[in-house]
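The lines below spell out each chain.
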Amino acid sequence: MEEYEKLTGCIGELNLHAVKIVVCQHGYDNVKKAINKALEKGKFSMAYINGILTTWPREGYPKGCEER
């Protein structure tokens, strides 16, 4: 949450519970990279971030991401 807020300046945009769930499922580093990728595309929603995290296990994680 802090990373997202620091990058976007938007406080409280993401649901903390939803972020905790995806961190448990995909790991902190992968979630951070997914948030960064979403922000590069100008997308600020948790739904978009979830879409990225759902796609990566099927298509392969980007370099530097660990599989879970």
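Here the structure is a predicted model, which means the values were calculated and not measured.

A. Region of the structure containing the environment of I35. Its place among the elements puts I35 in helix α3 (residues 28–40). You can call I35 buried: its relative accessible area is 7%. Through-space distance from the C-alpha of I35 to that of I49 is 6.0 Å; in sequence the pair is 14 residues apart.

B. Structural view of the confidence of the model for the protein chain. Counting all residues, the mean pLDDT for the protein chain is 81, and 75% of those residues have values of 70 or more. Of all the helices and strands in the protein chain, helix α1 (residues 2–8) carries the lowest mean pLDDT, 68, while helix α4 (residues 46–59) carries the highest, 90.

C. Seen up close, the packing of α3 against α4. It is the contact of α3 with α4, at a shortest axis distance of 9 Å, that shows an interaxial angle of 120°. If you check the angle between α3 and α4, you find them oblique. The hand of the α3/α4 crossing is right-handed. Along the contact surface, α3 presents N30, V31, K33, A34, I35, K37 and A38, while α4 presents Y48, I49, I52, L53 and W56. Split into classes, the residues belonging to the contact of α3 with α4 amount to nine nonpolar, one polar and two charged.

Definitions and cut-offs
- Residues numbered from 1 in each chain as written.
- Predicted model: local features only at pLDDT ≥ 70, side-chain atom pairs only at ≥ 80, totals over all residues.
- Heavy atoms only, no water.
- Helix = DSSP H or I, 4+ residues; strand = E, 2+ residues; numbered from the N terminus.
- Buried < 20%, exposed > 50% of the residue type's maximum accessible area, 1.4 Å probe, protein only.
- pLDDT = per-residue confidence, 0-100.
- Axes fitted to C-alpha atoms, helices over the stretch in contact; angles between N-to-C directions.
- Parallel < 35°, antiparallel > 145°, perpendicular 65-115°, else oblique.
- Left-handed = near helix turned anticlockwise from the far one by under 90°.
- Contact = heavy atoms within 4.5 Å.
- Nonpolar A, V, L, I, M, F, W, Y, C, P; charged D, E, K, R; others polar.

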